[in-house]
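# Coordinates in review
Given next are the chains, with one letter for each unit.
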Amino acid sequence: MSDPHAGFIIASYALTALVVGGLVLRVLMDHRALRRALAQLEARGVRRRSARQEATR
Amino acid sequence: MIPTLELATSDRVPRFSSLWNLANPTRFLGLADRLLPWLAALAAALLAVGLYLSFFVAPPDYQQGETVRIMFIHVPAAWLGLFMYVMMSASALGTLVWRHPLADVAQKAAAPIGAAFTFVCLVTGSLWGKPMWGTWWVWDARLTSVLVLFLMYLGIMALWRAVDDPGRAARAVAVLTLVGVVNIPIIKFSVDWWSTLHQPAAVFRIDGPTIHPSMLWPLLVMALAFTMLAVALHVAGMRNEILRRRVRSLRLMEAERLDAGVETAAGAAR
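In this report, we go over the structure that sits alongside the text. This structure is a prediction, so every number in the text was calculated from the model and none was measured. (Residues numbered from 1 in each chain as written. Chains lettered and ligands numbered in written order. Predicted model: local features only at pLDDT ≥ 70, side-chain atom pairs only at ≥ 80, totals over all residues.)

### Some details on the packing of helix H3 (residues 71-98) of chain B against helix H6 (residues 166-180) of chain B
All names here are of chain B. Interaxial distance between H3 and H6 falls to 9 Å at its minimum, and their mutual angle equals 135°. Between H3 and H6, the crossing angle belongs to the class labelled oblique. Between H3 and H6 lies a crossing of left-handed hand. On the side of H3, the interface is formed by Met-88, Ser-89, Ala-92, Thr-95 and Leu-96, while H6 contributes Ala-170, Arg-171, Ala-174, Thr-177 and Leu-178. Here the residues of the contact of H3 with H6 are counted per class, giving six nonpolar, three polar and one charged. (Axes fitted to C-alpha atoms, helices over the stretch in contact; angles between N-to-C directions. Helix = DSSP H or I, 4+ residues; strand = E, 2+ residues; numbered from the N terminus. Parallel < 35°, antiparallel > 145°, perpendicular 65-115°, else oblique. Left-handed = near helix turned anticlockwise from the far one by under 90°. Contact = placed C-beta atoms within 7 Å. Nonpolar A, V, L, I, M, F, W, Y, C, P; charged D, E, K, R; others polar.)

Okay, structure coming up:
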């Protein structure tokens, strides 16, 4: 791109990629951490009432 | 008449209850798990097509040259910033009026996504403004009202964090969100009501778009890609929020159980 304003265009797309990438990464890492926390709680025998009822059926 | 009425009533009740069942968090988690791979794939495919059209098909503008390519991310980001806020306002009504089980979950998950797109809109607008207007920023009505939208998002996110109980936080945030919705028509019509450096609407106009189709199509594809991305992120964010509340309630249950155990042990030792 030989445009004199190429820097502005590249900066715009790079920033958007960074923000969108950050959003995606945040959601994925959050999901992983929450699943791990739930698994740890269940391993310690802490379960929701509905989950306990399903387990005893 | 009577059989028709009976048919209409019996037809309506199951339909309403099935909609309500879909709002059940456990059912929503199942639906989200099934939907998310498709939404993510669709967003990625649309983004790939949109970027190809934006860089290799759309011509440079006769006045702005290559700089016009910033439009393909700036405008969809602006639309999504507004869209997420309107979505949050509908959810706020769901929280306050209908007490819908997923309304505040939807509201909370939407705020960071809307804030991120509004931030992208502001910064890419600034990066577009410097070479075209000769300035990074002006305090005109459009730019200022979008900055207010961004500040509203930050305020809403701060309020969610400030109140521990999700139910109380949801009601406070819902009221704040509905107060802030007055800014949405101001943003939309600011370019018509006041004299602004920002150009007037070029796509959603009564007399039709004023952009040449060679630039309009890449813009619409990018807007669709951003929308799919936002929907996928929102569904994933809602799924996380439901899981976060489950973790919170299970931790409370565990703490209560431990507390009861300590009291029993202390009673036995006495």
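### Some points on the environment of Thr-177 of chain B
Residues and elements named next belong to chain B. When you line up the elements, Thr-177 lands in helix H6. Considering only alpha carbons, one finds Thr-177 and Val-86, 91 residues apart in sequence, at a separation of 9.3 Å. Ignoring anything within four residues of it in the chain, the contact list for Thr-177 reads Met-88, Ser-89, Ala-92, Gln-107 and Ile-156.

### Some remarks on the interface of chain B and chain A
Every contact between the two is made by 28 residues of chain B and, on the other side, 24 residues of chain A. Where the side of chain B that touches chain A is concerned, the elements lending two or more residues are helix H4 (103-133) and helix H8 (213-269) of chain B. Top element by residues in the side of chain B that touches chain A is H8 of chain B. It accounts for twelve residues. Here the residues of the side of chain B that touches chain A are counted per class, giving 17 nonpolar, five polar and six charged.

### Brief notes about helix H1 (residues 6-43) of chain A
Over its 38 residues, H1 of chain A extends 55 Å from the first C-alpha to the last, a length consistent with the 56 Å expected when each residue adds 1.5 Å. Within H1 of chain A the residues assigned to the buried category are Phe-8, Ile-9, Ser-12, Thr-16, Val-20, Leu-23 and Val-27 of chain A. Looking at the packing, one finds that the buried side of H1 of chain A touches H3, H4 and H8 of chain B. Remark: Gly-45 of chain A follows H1 of chain A within two positions and exhibits a positive phi of approximately 85°. (Expected span 1.5 Å × (residues − 1). Buried ≥ 20, exposed ≤ 12 C-beta atoms within 10 Å, placed from the backbone.)

### So, the environment of Asn-24 of chain B
Assignment of secondary structure puts Asn-24 of chain B in the loop between helix H1 (2-22) and helix H2 (25-57). Separated by 77 residues in the primary sequence, Asn-24 of chain B and Pro-101 of chain B have C-alpha atoms spaced 7.0 Å apart.

### Let's talk about unusual backbone geometry
All names here are of chain B. In this model, Arg-99 sits at a positive phi of 50°, which is unusual for a non-glycine residue. Assignment of secondary structure puts Arg-99 in the loop between H3 and H4. A count of 12 C-beta atoms within 10 Å places Arg-99 in the exposed class.

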